[in-house]
Amino acid sequence: MSGSCTSSVDVVTILWERATLIPLAPRTIVEATVIGSAAPCENTLNPGDCFRAAALCLLGNRFVQVLNLDFGLTGVAVFIRII
């Protein structure tokens, strides 16, 4: 194959936790990993930040959530954006 790949993929993985087992309790970010870019949402991905705010920012900036594993007190979410 010849030619160059013109699309790029951004991936954001977020490990989150809840303070209690109450299903609607706020989730906070434990760790976030970015492959590529999370622009303009980088400032919402710090440990201790609200998971919901980060997810809304990512979803509002062409990311799609492709995985959401909820284990009660902890979970993992993966978002991708193809440019």
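Residues numbered from 1 in each chain as written. Predicted model: local features only at pLDDT ≥ 70, side-chain atom pairs only at ≥ 80, totals over all residues. Heavy atoms only, no water.

Topic: the overall build of the protein chain
Item 1. Looking only at helices and strands, one finds one helix and four strands in the protein chain.
Item 2. The order of helices and strands in the protein chain, counted from the N terminus, is β-β-α-β-β.
Item 3. Taken along its principal axes, the extent of the C-alpha atoms in the protein chain is 55 × 25 × 20 Å.
Item 4. Classification of the 83 residues of the protein chain by burial places 29% in the buried group.
Item 5. Put simply, of all contacts in the protein chain between residues at least 6 apart along the chain, 47% involve residues at least 24 apart. (Helix = DSSP H or I, 4+ residues; strand = E, 2+ residues; numbered from the N terminus. Buried < 20%, exposed > 50% of the residue type's maximum accessible area, 1.4 Å probe, protein only. Contact = heavy atoms within 4.5 Å.)

A word on the state of the cysteines
Item 1. Counted according to the given criterion, the structure contains one disulfide.
Item 2. Here Cys41 pairs with Cys57 through a disulfide, and the sulfurs are 2.1 Å apart. Taking the torsion about the sulfur-sulfur bond, which here is approximately -90°, the covalent link between Cys41 and Cys57 counts as left-handed. Placement of the pair is Cys41 in the loop between β2 (27-35) and α1 (51-59) and Cys57 in helix α1, with a sequence separation of 16 residues.
Item 3. Cys41 gets classed as buried once you look at its relative accessible area, which sits at 0%.
Item 4. Here Cys50 stays unpaired: no disulfide links it, and the sulfur of Cys57, its closest cysteine neighbor, is 12 Å away.
Item 5. On the accessibility criterion, Cys50 (38% relative accessible area) is partly exposed. (Disulfide = S-S within 2.5 Å.)

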